[in-house]
Amino acid sequence: MSTGYRIVKKEVYSPVTYMWEVEAPDVARAAQPGHFLMVRINEEGERIPLTVADFDRRRGTVSVVIQAVGKSTREMMALAEGDSILDFIGPLGEASHIQRRSKVILVGGGLGVAPVYPQLRAYKEAGSSTLSIIGFRTKDLVFWEAKFRAQSDELHIATDDGSYGHKGFVSQVLQELLEAHRDTEEVVAIGPLPMMKACCDVSRPFGVRTMVSLNSIMVDGTGMCGSCRVTVGGKLKFACVDGPDFDGHQVDFEELMRRQRRFQREEQESLQRYEEECRLLGRTRSGS
Amino acid sequence: MFDFSLYASRLTPYVAKKDRFMTTVKTIHTIPKGRTPMPEQEPEVRATNFEEVALGYTLPEALREADRCLECKKPRCIAGCPVGIDIPGFIRAIAQQDMRRAYEILRQDNPLPAVCGRVCPQESQCEVRCIVGIKAEPVCIGRLERFAADYAMAHFEPEKPRITPAGKRAAIIGSGPAGIACAADLARAGVDVTIFEALHMAGGVLKYGIPEFRLPKSIVDREIALLEQMGVTIELNTVIGKLFTIPQLMQEKGFDAVFVGTGAGFPKFQGIPGENLNGVFSANEFLTRVNLMRGFRHPEYDTPVGMGRQVAVIGAGNTAMDCVRCALRMGAEKVTLVYRRTQKESPARAEELHHAMQEGIQFQWLTNPVRILGNAEGWVSGMECIRMALGEADASGRRAPVEQPGTNFVIPVETVIYALGTRANPIIAKSTPGLKTNQWGYIEVDEQTGMTSLPGVFAGGDIVTGSATVILALGAGRRAATGMLRYLGLRPAETPAAAAAKA
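Summary of the structure given here.

Each value, and the rule that gives it
Residues numbered from 1 in each chain as written. Chains lettered and ligands numbered in written order. Predicted model: local features only at pLDDT ≥ 70, side-chain atom pairs only at ≥ 80, totals over all residues. Heavy atoms only, no water. Contact = heavy atoms within 4.5 Å. Buried area = accessible area lost by both parts, 1.4 Å probe. Salt bridge = Lys/Arg side-chain N within 4 Å of Asp/Glu carboxyl O. Helix = DSSP H or I, 4+ residues; strand = E, 2+ residues; numbered from the N terminus. Phe/Tyr/Trp six-rings, centres within 6.5 Å; stacked < 30°, edge-to-face > 60°. Buried < 20%, exposed > 50% of the residue type's maximum accessible area, 1.4 Å probe, protein only. Lys NZ or Arg CZ within 6 Å of the ring centre and 35° of its normal. Pairing = 2+ DSSP bridges. Axes fitted to C-alpha atoms, helices over the stretch in contact; angles between N-to-C directions.

Another point: the interface of chain B and chain A. Tallying the contact residues gives 44 residues for chain B and 47 residues for chain A. Of all residues in chain B, the largest losses of buried area upon contact with chain A belong to Lys242, Asn276 and Asp302 of chain B, amounting jointly to 18% of the total for that side. Scanning the region where chain B abuts chain A turns up four salt bridges. Across the pair lysine 71 of chain A and aspartate 302 of chain B runs a salt bridge, and its minimum N-O distance is 2.6 Å. Put simply, the parts of the chain that give the side of chain B that touches chain A at least two residues each are strand E5 (266-267), strand E6 (280-282), helix H14 (283-292) and helix H17 (427-431) of chain B. By residue number, the principal contributor to the side of chain B that touches chain A is H14 of chain B, which donates four residues.

Structure representation (structure tokens):
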């Protein structure tokens, strides 16, 4: 039986955002841009889908960037470098279909900046001209600027409050870039659902193919439960085996946003219980 | 009139053996008439817990029931068993209180007797053919199987298999019933076996699907532990087709043969409006949340189930019964099952249907959903159904249900669960060039050997046949194991019982 997967490196990017580099040589060897993983930290834990943010075949590691939004992700944030997690299953989903494009725009919003990175690198390695847009709420939350700069012919940073780079949303920057670069062949947009929807709305009039990565609610991540189902081009698709990458212009975002709220009540209750527990145990709240 | 001459030939050898329990000749008239009832939790009690419903026979109960077997010379029950268990043989061993032998006889043909004794549809397999059943009620073969297996597990050290390494390696994909059966036979014959399981827990449908109250997970764990004692390695969290492909297993990992027993767990929906509303689940999602992820113990376990107060389940197979009964135990106020045919056509085990009825599930037979209704926030608020009637028999001999216009009505529900069967999971087929599948995505195999279109790659269970039963998957796993051994140039191992029979 497996003794778990070790977190060999942890970086904290903000009070709620952190990166794990996890030792999983087989997963690292098979991972491709666009893949995701199912992660469970302990026996009582949930299986959580996380998109691959990076992989290093030589080191035998796979990285994920996580946002502490609920009980499980807070608990995960409390883990330290050297700790082990119980399950780290993958790579899952279909890898992104990356081919040489004369020009491609890669857009990452918030946490979505991480999973865009392997695609950016792959496009660059394929010989494409790469324009990147990464967006955050505010300057303190910015991460991977240098990593992106190294692979991008042009890098644009946007913050909602204007504390760094462009003031405003990544979709506004995308609009400007699409107008300036009429030879753009493809857009990749990954981030919160409203951000991906906004990017698709921006690129639609330009007729530029726009790929999004859907991280919908899953139990197994291998096609069994159907929890992640999403309507794409009027057809029923499973994000876990048909995706997670889809043509964003075909995705029914309204439905997906509604489906993502299915466990909101339970999630809030779990978080409250967890916070109460932490208070009682006098532990420092994770993420603070 | 009952033809007693049927048994005449049986009597001589039986009496000649001077059975210590039998002073007179056993006939249909001398055996206890009624079946020995199974002790069970009371319906109103069990509907609130996840403990096993059927408690199992005590020794006196088992002996009484075993005494009902006529030990027919030409038993018909064996032919009804998909794996051909020597049924009169093991029952006779119980009657003789030789429980070790009873268990060995079972294990000879069935690697999971404790499981099958609980979940097999005996009433349509062995028991329907029982000769006692012609005049009286058939012998409770399944309950005796369970008794013998539970007794052995409680009292005996597991068999110490004498395994001679054969110098061959086999990979088994999936740790469900087909994979377990195949692994057991291969390991016995000395093959070095590794099972690759995609989930974090071994057992497949026995773990994620069948609920605790019907098959306690400790029973499955015991069976898996036995397999590991035989030298089988189990690699969890390994999705073949993603982490490694079948060609990689054979070319890079050094496996001489591969068995695909991945099951067919890809949920089906009906394609009616409203299926993506919040509150609509596949049976797989509902059951994995409850069973695999232990959602029935939320919040102790993190995974929520998200079930409403009023629940409807579509379908009437065993999975549907598992869903309605789980929903009840999860605290649903009202649980309704809708099925487009009648109770008679329900594919569920008689016992599950009976238990569900006792527990207070509402059944709407001859009813089909046409639309799921939602509220302004996108949550399920009801299910519109139409009444059906059974029409003319179709080519398969089944009477097709026909809609009765103007009979639409709404069932107010917050949760709808689809238990309409499953399709083939595409992961293996997509990642294995040259692997032939049929139009539904199921893997094509040679019926005799279980070999697929790829030399050395075998398959069996639901991924070949589509949704079926545990015992059929076991049978397919064993058939493939025989085919694999032949492919590897090896002979099947003799079980202790078979060796003893020869001696």
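Read on, since the account is not over.
With that out of the way, let us pick up the packing of aromatic side chains. Evaluation of the coordinates by the stated rule reveals 19 aromatic pairs over all chains. The interplanar angle of 65 degrees and the centroid separation of 5.5 Å between the aromatic rings of phenylalanine 136 of chain A and phenylalanine 143 of chain A together place this pair among those described as edge-to-face. Phenylalanine 143 of chain A carries the same exposure label as phenylalanine 136 of chain A, and that label is buried. Ring centres 5.9 Å apart and planes at 55 degrees place the aromatic pair phenylalanine 50 of chain B and phenylalanine 213 of chain B in the tilted group. Of this pair, phenylalanine 50 of chain B sits in the loop between helix H2 (43-46) and helix H3 (59-66) while phenylalanine 213 of chain B sits in the loop between helix H11 (205-208) and helix H12 (217-229), and the two are 163 residues apart along the sequence. A relative accessible area of 9% places phenylalanine 50 of chain B in the buried class. Aromatic ring contacts, followed pair by pair, group Tyr13, Tyr117, Phe136, Phe143, Trp144 and Phe148 of chain A into a single cluster. Between the NZ or CZ atom of lysine 147 of chain A and the centre of the ring of tryptophan 144 of chain A, over which it lies, the distance is 4.0 Å.

Residues and elements named next belong to chain B. Ordered in space as E6-E14-E7-E8-E9, the five strands form an open sheet in which the pairing is parallel. In the strand order of this sheet, the two ends are held by E6 and strand E9 (362-364), each with one partner. In this sheet, neighbouring strand axes are inclined to one another by 20 degrees on average, regardless of whether the strands run parallel or antiparallel. By the bridge criterion, five bridges tie strand E7 (residues 310-314) to strand E8 (residues 334-338) in an arrangement that is parallel. In the sheet register, glutamine 310 faces E8, and the bridge partner there is lysine 334. The strands touched by H14 are E6 and strand E14 (415-418); relative to E6, the strand with the most contacts, the crossing angle is about 80 degrees.

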